[in-house]
Amino acid sequence: MPTCATLVPLGNQKECPGQGQKDRGFFIFTPEKEPEMSTRASLDPKAQEKADRLYKIRHTTAHVMAEAVLRMFPEAKIAIGPPIDNGFYYDFDLPRKLTEEDFETIEEHMRAIIQGKHPMTKEVITRNQAKARFNDQPYKLELVDAIPEHEEVSLFTVDTFTDLCRGPHVENTKDLNWKAFKLLRIAGAYWRGNSDNPMLTRIYGTAWEDPKEMREYLDHLKELEKRDHRRLGRELDLFHFEDDNPGQIFWHHNGWTIYRLLMEFVRESIGRQGYQEVHTPSVMPKSLWDRSGHWEKYQEHMFVTESEKRLFALKPMNCPGHIEIFRQGLKSYRDLPLRMAEFGSCVRNESSGALHGIMRVRGFVQDDAHIFCTEEQISSEVALFVELLKGMYKDLGFDEASIIVKFSTRPEKRVGDDATWDRAEGALAEACKQAGLEYEIAPGEGAFYGPKLEFTLVDALGREWQCGTIQVDYQLPSKERLDAGYIGEDGNRHTPVMLHRAVLGSLERFIGILLEHYGGAMPVWLAPIQAVVIPVAPAFYEGAQALAKELENEGWRVLADLGDERMNNKIRIHQAQKVPYMLVVGEQELASRTVAVRTRKNDRIDGLSVDEFKAMIDEKIQKKDVL
RNA sequence: GCCAAAGUAGCUCAGGGGUAGAGCAGCUCACUCGUAAUGAGCAGGUCGAGAGUUCGAAUCUCUCCUUUGGCUCCA
């Protein structure tokens, strides 16, 4: 089964002026290739050429679609239309609502345009000429103004449609295949990605060199659905949601087993770095949130409650609680760095449209910790954290190439003065330098109290999810806020810097990522059920049960399947349940204390002694092997 | 929250103004059965919720809820 792919270097994405800044390098599905989860590895020259061709095809197809839409709605206002992963989109301001029933008409127009074999011509003009050309296109006028002074202003024309565009494009629509594109969906998108701006109608499409490729891509998408964590959650009996309680997860035994194992893994890992673990209340008074700044900056995301005329809120973050603990007793510089961890249960009132399976929910648990330290200790603490994160991600199956690191700078909505932000951002940048960490800048994406590093992983469909993070905070511990003080070497009172950090981010989201990464076939150490003992016939049920019991007593998660089904069906069922090992036992095995091992990958090892099997999976678990 | 689509049995889906169907799963019974489905029988749904149109609504209309794909926001 082909999964995803490789990437075009990041430079390519900015070909179309005004394209949303969030668009990144794009993933290319390559039909012939056997694939892993996406990596950011660079392409070989041949693949690069193909990527460039597809880029042009998709870009030009976006223009062709724009012309088709203008044929239907001559009064439409056009915005932007870049190529993206596997396709393209174009944003329009239309006189009426569009539905998917309109696709047929648009596609017909597009096919006609492509078959017209029109050349794609480029002209370079001045800014004023451009403004005159687009005087009835307000979005284009804005884009002209946004083009930096030193860059040329160019137009591309295909057939009757001229667009402000940097290119590149195919030379002629005969380079497009009229059977190898398809409009996929309609979505609203805010002009320039800003929710204060009007919402435009975005049409997404896919385009390829030939129809076979497109077919393979569409089939591939269907395959990917099998890795969807929501589907796996149901099929493997991991968790569920209730319609009247959106964004709140009900963990079933299997799912909770993974959850518990992951928590234990976190405990062991951070324990080695000298963290202490604490637990703070879920309900905290408004007075605290007032002081922390959350009431002012974060209230819309908080569930608020009342008791005897006093307001409280369910905690959306754990930081204030940790400061409360830090404040107990007098702290000395000798106590720093103090690393305080909590499996912090957070509740956030996320907007309904943002919810997504277990990846984005309203109730979740962070593997949170706050490091109270001096300014001088920031870089060594960041370095230590990066080391911890990389090690843990590696154990969980994510190598460095699959982690995207972003440096998020000060947002508009923030607390603290600019001088302090300068220091915080500077300290974090310096720490990255010392840790040898490469990152991309995400301007304005920081937390309201400080800049952050984000460690992002990718799901089955190539969507990015922030998981780990470390954030530098001079604000919350300050005297004006929550007032965490310590006595320094000089005998005076000082304010520590607080580093907010999480490795997995939220257990929920990380499990979602893990499920999609492994397609539900969890590594043996994380599998809810590690082995099922299958007797070949009812006569061996007792022996099978005894073996399962023995393994269970020794700490493995093992079941015996004593149902009415025949052995063949049991194998099928447990394989579908992604159980790593099936132990088939009959007369021969029971007599000789051996097992016939069958793995979920269909490998078979017959005549393995029970002790050999134990040693084998013990080793796999120790080494955190997949199978 | 915004734009688009969807919601029929536990799951996947068919049907469609006269009051609901399949496969799988479930339950019961039978079968001494060696590496991806043993057979037979039974049971399962106020067709997401509410209102309206109609002699009659699961089917048409409206409102709401949830979910999916995007946008915004975020662990």
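Definitions and limits used
Residues numbered from 1 in each chain as written. Chains lettered and ligands numbered in written order. Predicted model: local features only at pLDDT ≥ 70, side-chain atom pairs only at ≥ 80, totals over all residues. Heavy atoms only, no water. Helix = DSSP H or I, 4+ residues; strand = E, 2+ residues; numbered from the N terminus. Rg over C-alpha atoms; globule rule 2.2 N^0.38 Å. Buried < 20%, exposed > 50% of the residue type's maximum accessible area, 1.4 Å probe, protein only. Contact = heavy atoms within 4.5 Å. Areas by Shrake-Rupley, 256 points an atom, 1.4 Å probe, with all protein chains shown as cover. Lys, Arg positive; Asp, Glu negative; His and termini not counted. Charge placed at Lys NZ, Arg CZ, Asp CG, Glu CD. Pairing = 2+ DSSP bridges. Axes fitted to C-alpha atoms, helices over the stretch in contact; angles between N-to-C directions. Arc of directions from axis to C-beta. Salt bridge = Lys/Arg side-chain N within 4 Å of Asp/Glu carboxyl O. Near = heavy atom within 4 Å. Polar contact = N/O pair within 3.5 Å; in protein donor to acceptor, adjacent residues only side chain to side chain. Nonpolar A, V, L, I, M, F, W, Y, C, P; charged D, E, K, R; others polar.

Turning to the overall build of chain A, a few remarks are in order. What chain A contains, in helices and strands, is 17 helices and 31 strands. Relative to a compact globule of 627 residues, whose C-alpha radius of gyration would be 25 Å, chain A shows 28 Å and is just as compact. Expressed along its principal axes, the backbone C-alpha trace of chain A runs to roughly 85 × 75 × 50 Å. Every one of the 627 residues in chain A was classed for burial, and the buried ones make up 54%. Counted over contacts in chain A with a minimum sequence separation of 6, partners at least 24 positions apart contribute 71%. Accessible surface for chain A amounts to roughly 28800 Å². Of this, 47% is attributable to carbon and sulfur atoms. Averaging the positions of the 82 positive and the 100 negative side-chain charges in chain A gives two centres separated by 1 Å.

Our focus in this paragraph is unusual backbone geometry. Residues other than glycine predominantly adopt negative phi, and peptide bonds predominantly adopt the trans conformation. A cis amide bond, omega -5°, links Gly167 with the succeeding residue Pro168. Along the chain, Pro168 falls in the loop between strand 8 (161–164) and strand 9 (181–190). Within the chain, Asn602 stands out as a residue other than glycine whose phi angle is a positive 80°. Mapped onto the elements of the fold, Asn602 is located in the loop between strand 30 (594–599) and strand 31 (604–609). Taking relative accessible area as the criterion, Asn602 reaches 46% and is therefore assigned partly exposed.

Here we come to the sheet that holds strand 6 (residues 120–125). By definition, the strands of a sheet pair up through backbone hydrogen bonds, in either a parallel or an antiparallel sense. Spatial ordering of the open sheet is given by 6-7-8, a layout of three strands whose pairing is antiparallel. The open sheet has two edge strands with one neighbour each: strand 6 and strand 8. Strand-to-strand, the axes of this sheet are offset by a mean angle of 25°, without reference to chain direction. Two elements, strand 6 and strand 7 (residues 153–158), share six bridges in a ladder whose sense is antiparallel. Within strand 7, the residue paired with Thr121 across the bridge is Thr157. Where helix 1 (residues 45–72) meets the sheet, it contacts strand 6, strand 7 and strand 8, and its direction lies at approximately 125° from that of strand 8.

Direction of pairing for strand 30 relative to strand 31: antiparallel, over a ladder of four bridges. Paired with Val595 across the bridge in strand 31 is Leu608. Where strand 30 folds back onto strand 31 in an antiparallel hairpin, the turn is made up of four residues, including Asn602, whose phi is positive at roughly 80°.

A few words now on the sheet that holds strand 29 (residues 581–585). If you walk across this open sheet you meet the five strands as 28-27-29-30-31, and the pairing is mixed. Of all strands in the sheet, those with a lone pairing partner are strand 28 (558–560) and strand 31, marking the two edges. Averaged over all neighbouring strand pairs, the angle between strand axes comes to 25°, with direction disregarded. Pairing geometry for strand 27 (residues 531–535) and strand 28, over three bridges, is parallel. From the neighbouring strand, Val533 faces strand 28, where its bridge partner is Ala560. Most of the contacts of helix 14 (residues 541–553) go to strand 28, to which it runs at about 170°, and overall it touches strand 27, strand 28, strand 29 and strand 30. Relative to the sheet, helix 15 (residues 567–576) contacts strand 27, strand 29 and strand 30, its axis offset from that of strand 27 by approximately 170°.

Glancing now at helix 15. Of the positions making up helix 15, those classed as buried are Lys570, Ile571, His574 and Gln575. Buried residues along helix 15 cover an arc of 125° about the axis, so they all sit on one side. Exposed residues pointing more than 90 degrees away from the buried face of helix 15 are listed as Asn568 and Arg572. Directly after helix 15, the chain includes Lys578, whose backbone phi takes a positive value near 65°.

Next up on the list: the pattern of salt bridges. Counted according to the given criterion, the structure contains 47 salt bridges. When the shortest N-O distance is used, the salt bridge between Glu552 and Lys549 registers 3.6 Å. Of this pair, Glu552 and Lys549 are both found in helix 14, three residues apart, which corresponds to roughly one turn of the helix. In this structure, a network of salt bridges that share partners links the residues Glu324, Arg327, Lys479, Asp483 and Arg493.

Contacts to RNA strand B come from 62 residues, most closely from Tyr190, Ser352, Arg360, Val361 and Arg572. Note that a sugar or linking oxygen of RNA strand B is positioned 3.2 Å from one of the backbone N or O atoms of Cys467. In this structure, Arg566 approaches RNA strand B through a side-chain N or O atom, which is 2.9 Å from a base oxygen. Residue composition of the surface near RNA strand B, grouped by class: 20 nonpolar, 20 polar and 22 charged.

What follows deals with the pairing of strand 16 (residues 310–314). Relative to strand 16, strand 14 (residues 283–285) is paired through three bridges, and the arrangement is antiparallel. Bridging across to strand 16, Pro285 finds its partner in Phe312. Of the strand pairs in this sheet, strand 15 (residues 304–307) and strand 16 are connected by four bridges, and their pairing is antiparallel. Counted as the bridge partner of Val304 is Ala313 from strand 16. With antiparallel pairing between neighbouring strands as the criterion, strand 15 and strand 16 make up a hairpin whose turn holds two residues, including Glu308 at a positive phi of roughly 45°.

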